[in-house]
Amino acid sequence: VQLVESGGGLVQPGGSLRLSCVASGFTFSSNGMSWYRQAPGKERELVAVISSAGGSTKYSDSVEGRFTISRDNGKNTVYLQMNSLKPEDTAVYYCKMLGTDVWGQGTQVTVSS
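Residues numbered from 1 in each chain as written. Predicted model: local features only at pLDDT ≥ 70, side-chain atom pairs only at ≥ 80, totals over all residues. Heavy atoms only, no water.

**Student:** Quick rundown of the state of the cysteines? Include the residues and the values.
**Tutor:** Throughout the structure, instances matching the rule amount to 1 disulfide. Paired through a disulfide, Cys 21 and Cys 95 show a sulfur-sulfur distance of 1.9 Å. Every disulfide takes its handedness from the sign of the S-S torsion; for Cys 21 and Cys 95 that torsion is 50°, giving right-handed. Of this pair, Cys 21 sits in strand β3 (residues 17–24) while Cys 95 sits in strand β9 (residues 91–97), and the two are 74 residues apart along the sequence. For the pair Cys 21 and Cys 95, a shared accessibility class is recorded, and that class is buried. (Disulfide = S-S within 2.5 Å. Helix = DSSP H or I, 4+ residues; strand = E, 2+ residues; numbered from the N terminus. Buried < 20%, exposed > 50% of the residue type's maximum accessible area, 1.4 Å probe, protein only.)

Shown next, in the form of structure tokens:
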């Protein structure tokens with residue numbers, strides 16, 4: 001089982017990024033997926049969750065209305081579209097398969113002018 005994130009980088013406040021997480025080694029379409037993030041000196045926090053078919057999503061209060069989680073089961077990929085980015089969104093972002101302890105390696109997002 002493998003999860004590989006990409007799409008992070010440096011962006012100015014107010015900017016956008018789209019993260020991708022490609023999954024392999026399991027039946028992607030049967031599993032809910034999630035995005036977490038961990039800022040320096042802070043605990044890892046849940047950002048967004050999506051159901052196996054993509055019909056249900058949930059977000060943390062801190063990103064509600066700015067971030068959108070989606071998935072393409074044909075491509076075994078889950079996405080996190082991040083808009084109106086703030087400096088406090090700076091963190092390493094990880095994808096995770098729900099119900100397991102399977103994590104990707106993370107991708108760094110830095111929001112700074």
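**Student:** Quick rundown of the pairing of strand β7 (residues 67–72)? Include the residues and the values.
**Tutor:** By the alternation rule, side chains of β7 split into Phe 67, Ile 69 and Arg 71, which are all buried, and Thr 68, Ser 70 and Asp 72, of which none is buried. Pairing of β7 with strand β8 (residues 77–82) involves 6 bridges; the strand directions are antiparallel. Bridge pairing in β8 places Phe 67 opposite Met 82. (Pairing = 2+ DSSP bridges.)

**Student:** Tell me about the sheet that holds strand β5 (residues 45–50), and name the residues and values.
**Tutor:** The strand order across the open sheet formed by 6 strands is β2-β10-β9-β4-β5-β6, and the pairing between neighbours is mixed. What marks the edges here is a single partner per strand, and that holds for β2 (9–11) and β6 (57–59). Averaged over all pairs of adjacent strands, the angle between their axes in this sheet comes to 25°, without regard to strand direction. (Axes fitted to C-alpha atoms, helices over the stretch in contact; angles between N-to-C directions.)

**Student:** Can you break down the pattern of salt bridges residue by residue, with the values?
**Tutor:** Across all of its chains, the model carries 3 salt bridges by this definition. When the shortest N-O distance is used, the salt bridge between Asp 89 and Arg 37 registers 2.9 Å. Remark: Arg 37 occurs in strand β4 (residues 33–38) and Asp 89 occurs in the loop between β8 and β9; sequence separation between them is 52 residues. Judged by relative accessible area, Asp 89 falls into the buried class, the value being 0%. Put simply, Arg 66 and Asp 89 hold a salt bridge, and the shortest N to O gap is 2.8 Å. With Arg 66 in the loop between β6 and β7 and Asp 89 in the loop between β8 and β9, the pair connects residues that are 23 residues apart, well separated along the chain. Accessibility classification places Arg 66 together with Asp 89 in one group, the buried group. Put simply, Arg 37, Glu 45, Arg 66 and Asp 89 are held in one network by salt bridges that share partners. (Salt bridge = Lys/Arg side-chain N within 4 Å of Asp/Glu carboxyl O.)

**Student:** Which residues make up the environment of Glu 5, and what values go with them?
**Tutor:** Mapped onto the secondary structure, Glu 5 falls in strand β1 (residues 2–6). The spacing of Glu 5 and Gln 105 is 100 residues in sequence and 6.9 Å in space, taken between C-alpha atoms. If we ignore the near neighbours within four places in the chain, the residues touching Glu 5 are Ser 20, Cys 21, Trp 35, Tyr 93, Tyr 94, Cys 95, Gly 104, Gln 105, Gly 106 and Thr 107. Among the polar contacts made by the side chain of Glu 5, one reaches the main-chain amide nitrogen of Cys 95 at a distance of 2.8 Å. At a separation of 2.9 Å, a polar atom in the side chain of Glu 5 contacts the main-chain amide nitrogen of Gln 105. (Contact = heavy atoms within 4.5 Å. Polar contact = N/O pair within 3.5 Å; in protein donor to acceptor, adjacent residues only side chain to side chain.)

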